[in-house]
Amino acid sequence: MSSVSSAQYYSTGQDPANTKWKQINTTDFRIVFPAEYEAKARYLAALFQDLKNKGGKDLNHIPKKFSVILHTQSATSNGMVAWAPKRMELYGTPPQNDETQAWLDHLATHEYRHIIQIDKLERGFTRVLNAFLGQQATALVLGLYLPAWFMEGDAVCSETALSESGRGRSAEFEQELRAQLLEKGAYTYDKAALGSYKDFVPNRYTLGYYLVGKSRVHYGDDLWNTALKKIGEAPMKVNCLSTSLKRGLLNKREAFFQEMKKKQAAYLQAGFKIESLDWTEVKELNTYRDGKLMLYADVMSELQWEWQVQDSIIEKTQADALIEKKVIFTNYRYPHLDDQADLLLMKNGLADALTIVKLDAKGNEEDVFMPGFDYGTGFDYKNNKLLWSEYQAHLRWQHADKAVIVSYDMQTGNQKKYKLENNCFAPVFSADGKKILTVEVDSNGESTLLIIDEASAKPISRIAAKEQEFFMTPQWAKKDQSIVLIIQAKGAKSLVKIDITNEKRELLYQAGTTNISQLQVSDQYVFFTSSHTGIDNIFAYKWENRQVSQLTSSRFGARDPFYLPSENKLYYSDYSSDGYQPVKLDLNSCMWKVQEGDAAKFALAEQLSDQLGEKLQPDTTKLDHWQVEPYSRLAHTFNFHSWAPLFVSPDEGSIDVGISASSQNLLNTLFTTLGYKKEEGFDNGQFYLNLSYQRFFPIFNSKLEYGKASFAYFGKRENTNTEEDDTLPLDTEWRQLEWENSVTLPFNLSSGKHATFLRPKFSYTIYQFANYQTRITSPEFNPQLYNLNIADRTIEELEYQLFFSHSIKASQRDLQSPWAQFLQFDYRTSPSKDSNAGNVWSGIGQFNFPGLAKHHGISLYAGYQQRSKFNKGFGNAIKSPRGVSDLFGLDCSTISLDYRLPIAYPDWNMGALAYIKRVKMAAFIDYGMEKGEFVSDENLFQYDNRITSAGLEFTADMHVLRLPVPLNLGFRLGYENETNAVFGNFLLSYSFDF
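Residues numbered from 1 in each chain as written. Predicted model: local features only at pLDDT ≥ 70, side-chain atom pairs only at ≥ 80, totals over all residues. Heavy atoms only, no water.

The chain appears in an unreviewed UniProt entry as Bacterial surface antigen (D15) domain-containing protein from Ancylomarina euxinus.

See the structure below:
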């Protein structure tokens, strides 16, 4: 779940225009949802009502009223809270790899916690800022002071404490940090919090869960309660979070380390073979001025020691590795064997985008196919065909994407997509490959087992889930006459067999709140992954005696079982700090330890639950009491959420002197900015209004600017006495209106690994200049002798634009998409007969290619522009060679060639000042041409300039002041032949995509 957006004016996109919206509007919340989702919206209302007094109990806070919008036509399983405007967005489709808790319970609990976190900041000086800036003030304070690991980790603590599930009870969630600490040790705080291109770093959810969870257990609820209050009350103190945390830690830190000494002594006395640490020395080494760093160091020391204790008693399975470990973090998952006994795997990592690869008996690796975004359930194989489910974007609506079934024929190279009405997940072939079994999920989040014909994609049969059930990862069984699957229901999971003919069920194994996943069925066994031991391992259910046994004992986690009956071999993926590695094991040499007793507990999760003393228990007996009514689009057209004593234009990314207000409605269909700005050349500034209406397929934009402009200059006027032109010092004022209207058709043609967009756009702009008043600014000229009148005029401008972009998936380390094309064509003209401003057309293309080595990139840019001879109003559309002034001829063209490569991944931090993750270099050469003419002293001169520049750019990807916004900072040094000079430029760019 990607949950919190502190970026201002953030839009996730739109739902289909024909969606009929309803709402449940209470004093505490408003839920807006599609009409067909009413039953679950009522249940969600009961969830929020239950969370009102439980979700913020430890922070002693109940949030103010908030709005929720439900996206139910998307295959995405996610949630988000944003604060400018303030709202929660929930995606209702449950994932196939979820834990035991129902998806809506999990989602609502996690996202509600974000509402509490942010709402609690609105106090003290932050509340004063709200009066001047609106909701963007809270978003600003949030982004500056609360690290992402706190926001997400604290929410994971909440989802865990309020349930018998949650990610705090997930072995897979824990394994990444545990493997890192035991094999590589603790990273610096900056690396752990801000990421790395050099090493894999567990995400902010995992890091934050342990930092927040451990601190709550050791120091009580008041630690974070006080920290949030201090940030909200005095955000002008730049170190308010660090100082608050340090004070809270120092009060009880000595007691914590004394407790660690006692624990260590007890384990050593019991005979555990563990390292004896001097905890007094550890305490001194972990003491920092910054409370965040001190908390991080203490928690990492504690976790590393605790997991070393656990690691010392694990009897690890000795399986045969099938590949050598990579130097760079790489996952090889979901092993299958093809018809030639070659190993098929799904590969991804820091250096590799998700790809299905093949390994032969000699270990030679070959790329087979690069799928699109998958849903974490792997792939299937039968008769030289691969099968999986992947994300398919909608042509227009961001919230109407689908999960589609895709197959790939390894012999012919043909790819096939199966057109089905609903989202389909976790597809598998029948034994003969002629049928496909999948989980179909409709827009209400209800699941059905669907069997389709592989050739025609026509449905053969369906088996619907019962109320409150959700079907997961089915497999064929008993010669394709039955289906074995996992059923999630009422906070528990079970392994069930269903007869296809009569739909009769047989319970094979009740896992309860223990997470099970990833089935593999044979004639004798049902293999699956289970966290029963506290670490993910492969288990087997034996058909003959109905016995469940543990087969593996992995150090960090074993997943993705694949059984080859002909060799009696078990293949699976084994995790380490370098990623998942495929291994195999003779089935007879497995542990075959009969599962007995209760599942292992996750100590921190149980401590958090006990400390909170609450569980989620929504009242479902009165769901009909929630009043449902239509949601009027018209009544909620505007939602002004932020304002400022400055002019802030989020769509243009500009700030100026003035005032402004911004509106974004809950459905993300109308965006409005209005205000006043102190524009240069306008003595009294400009009024500004910008509207973007995005409900329908076309996007309609309208921008209006109006003000009184003035200009001081020397101009020639005829003297009525002498009948000669005199040069006069003049000052002219006039009323100026600029009104731009455009229509854009945003086609999203993305599919599989290809991100493809096409955007035709038409714009009409009108400029009106009226009420001219001109005066002579020098007393030595008699204004009665000159005609100073200027006629009103109107200029119209038409622009036709076509933009196309295409790129394929890139790895985390790639500096650019290895294959990409960006094309843009523009034609601008003025049809006004009285005031013709001329015309200009241009074409731009940029093309990315792979470089000579991995992660290197070549970029070729070409642009051409032609202006009419009479041209007053149009600027450049193409870029100029670097290091020289703009090209402004009648015919202009530019060609640029760049070669980019990474130099180093230093992960170097300069204290709190900066953290440098990657250093890059680029070599460039630019060539520009401009042809044109000009008049001087009544003579016509023509010119043909050819300009070349070349040089190097050195930049670094970094974070400054531990802020999450990634910066690209560096310099450019080059030579240009226009003036035969060396030039240098400072380079800075940033992104809010983090």
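Following the structure, the description resumes.
Novice: So what's going on with the packing of aromatic side chains? Residues and values would help.
Specialist: In this structure the tally under the stated criterion is 43 aromatic pairs. Taken together, a centroid distance of 6.3 Å and an interplanar angle of 45 degrees make the contact between F29 and F66 tilted. Pair noted here: F29 is in strand 3 (residues 29-34) and F66 is in strand 4 (residues 66-71), with a separation of 37 residues, a long-range link. When the ring of Y525 is compared with that of Y563, the centres are 6.4 Å apart and the planes differ by 90 degrees; the resulting orientation is edge-to-face. Taken together, the positions of Y525 in strand 25 (residues 525-530) and Y563 in strand 28 (residues 558-564) put the pair 38 residues apart, joining distant regions of the chain. (Phe/Tyr/Trp six-rings, centres within 6.5 Å; stacked < 30°, edge-to-face > 60°. Helix = DSSP H or I, 4+ residues; strand = E, 2+ residues; numbered from the N terminus.)

Novice: Quick one: what's the story with the domain arrangement of the chain, residue by residue and with numbers?
Specialist: Domain boundaries assigned for the chain yield domain 1 (21-312) and domain 2 (834-993). Contact with domain 1, which involves 14 residues of that partner, is made by twelve residues of domain 2. Carbon and sulfur atoms make up 57% of the area that domain 1 and domain 2 hide from each other, which totals about 1,200 Å². Along the contact surface separating domain 1 from domain 2 lie three salt bridges. In this structure, D190 engages R962 in a salt bridge whose closest nitrogen and oxygen atoms are separated by 2.6 Å. Counting across the interface, domain 1 meets domain 2 through six residue pairs in polar contact (both at pLDDT 80 or more). Looking at the side of domain 1 that touches domain 2, the elements with two or more residues in it are helix 4 (135-145) and helix 7 (189-194). Looking at the side of domain 1 that touches domain 2, the element that brings in the most residues is helix 7, giving four residues. (Domains from an automatic or database assignment. Contact = heavy atoms within 4.5 Å. Buried area = accessible area lost by both parts, 1.4 Å probe. Salt bridge = Lys/Arg side-chain N within 4 Å of Asp/Glu carboxyl O. Polar contact = N/O pair within 3.5 Å; in protein donor to acceptor, adjacent residues only side chain to side chain.)

Novice: Can you break down the side chain of D926 residue by residue, with the values?
Specialist: Note on placement: D926 falls in strand 47 (residues 914-936). Assessed through its relative accessible area of 0%, D926 is described here as buried. There is a polar contact of 2.8 Å between the side chain of D926 and the side chain of R882. In contact with D926, other than residues within four places in its own chain, are P881, R882, I895, S896, L897, I947, T948 and S949. (Buried < 20%, exposed > 50% of the residue type's maximum accessible area, 1.4 Å probe, protein only.)

Novice: Which residues make up unusual backbone geometry, and what values go with them?
Specialist: The omega angle of the peptide bond from A84 to P85 is 5 degrees, so this bond is cis rather than trans. Mapped onto the elements, P85 comes out in the loop between strand 5 (79-83) and strand 6 (86-91). Although it is not a glycine, A426 sits at a positive phi angle of roughly 50 degrees. When its relative accessible area of 9% is taken as the criterion, A426 is described as buried. Backbone geometry places D480, a non-glycine residue, at a positive phi of 65 degrees. Take D480: it is sitting in the loop between strand 20 (469-477) and strand 21 (482-489).

Novice: If you had to explain the environment of F150 to someone new, which residues and values would you point to?
Specialist: With respect to the secondary-structure elements, F150 resides in helix 5 (residues 148-161). Residue classification places F150 among the buried residues on the basis of a relative accessible area of 0%. Once the C-alpha coordinates of F150 and K493 are considered, the two residues, 343 residues apart in sequence, prove to be 30 Å apart.

Novice: Just give me the short version of the environment of V919, but keep the residues and values in it.
Specialist: Tracing the chain through its elements places V919 in strand 47. Residue V919 is classed as partly exposed on the basis of its relative accessible area of 26%. Distance in space between the C-alpha atoms of V919 and T552 is 42 Å, their sequence separation being 367 residues. Once residues lying within four places of it in the same chain are set aside, the contact partners of V919 are P902, I903, A904, P906, T955 and A956.

Novice: Could you give me a rundown of the environment of L961, with the residues and numbers involved?
Specialist: Mapped onto the fold, L961 is located in the loop between strand 48 (939-960) and strand 49 (967-976). For the pair formed by L961 and A912, sequence separation is 49 residues and the distance between their alpha carbons is 5.3 Å. Among residues more than four places away in sequence, those in contact with L961 are A912 and L913.

Novice: Outline the sheet that holds strand 11 (residues 365-369), listing residues and values.
Specialist: Taken in spatial order, the four strands of this open sheet run 8-9-10-11, and their pairing is antiparallel. Edge strands, defined here as strands with exactly one partner in the open sheet, are strand 8 (330-337) and strand 11. Strand-to-strand, the axes of this sheet are offset by a mean angle of 35 degrees, without reference to chain direction. Examined bridge by bridge, strand 9 (residues 343-349) and strand 10 (residues 352-359) share six bridges and lie antiparallel to one another. Of the residues in strand 10, the one forming a bridge with G349 is D352. (Pairing = 2+ DSSP bridges. Axes fitted to C-alpha atoms, helices over the stretch in contact; angles between N-to-C directions.)

Novice: An account of empty space enclosed by the protein is requested, with residue identities and associated values reported.
Specialist: Here the idea is plain: a probe the size of a water molecule rolls over the atoms and shows the empty space left. Enumeration according to the criterion identifies seven cavities of 30 Å³ or more in this entry. Taken as a whole, the largest cavity encloses approximately 80 Å³ of empty space. Every residue lining the largest cavity is listed: N97, D98, E99, S170, A171, E172, K493, N515, S517, D536 and R559. Considered class by class, the residues forming the lining of the largest cavity number one nonpolar, four polar and six charged. (1 Å grid on protein atoms, 1.4 Å probe; cavity = no way out; pocket = protein on both sides within 12 Å on 5 of 7 lines; lining within 4 Å. Points joined across faces, edges and corners; volume = space filled by probe spheres on them. Nonpolar A, V, L, I, M, F, W, Y, C, P; charged D, E, K, R; others polar.)

Novice: Break down the sheet that holds strand 19 (residues 459-464) for me, citing the residues and quoting the values.
Specialist: By definition, the strands of a sheet pair up through backbone hydrogen bonds, in either a parallel or an antiparallel sense. With antiparallel pairing, four strands are arranged side by side in an open sheet as 16-17-18-19. One side of each edge strand has no neighbouring strand; the edge strands of this open sheet are strand 16 (423-429) and strand 19. Across the sheet, the mean angle from the axis of one strand to that of its neighbour is 25 degrees, orientation sign disregarded. As judged from the seven bridges shared by strand 17 (residues 435-441) and strand 18 (residues 447-453), these two strands associate in the antiparallel manner. The residue of strand 18 that forms the bridge with I436 is I452.

Novice: Go over the pattern of salt bridges, please, and point to the residues and values.
Specialist: Pairing between side chains of opposite charge can happen when the charged atoms of each approach one another. The full count for this structure, using the stated rule, is 56 salt bridges. A salt bridge links E469 to R505, with the shortest nitrogen-to-oxygen separation between them at 2.7 Å. With E469 in strand 20 and R505 in strand 23 (residues 505-512), this pair connects stretches of sequence that are 36 residues apart. Take E469: its relative accessible area is 14%, and that puts it in the buried class. Look at R505 and you get partly exposed, because its relative accessible area is 28%.

Novice: Outline the pairing of strand 48, supporting the account with residue identities and numerical values.
Specialist: With ten bridges joining them, strand 48 and strand 49 adopt antiparallel strand pairing. Directly across from D957, in strand 49, lies its bridge partner N968. From the end of strand 48 to the start of strand 49, which pair antiparallel, there are six residues, and L961 there has a positive phi angle of about 55 degrees.

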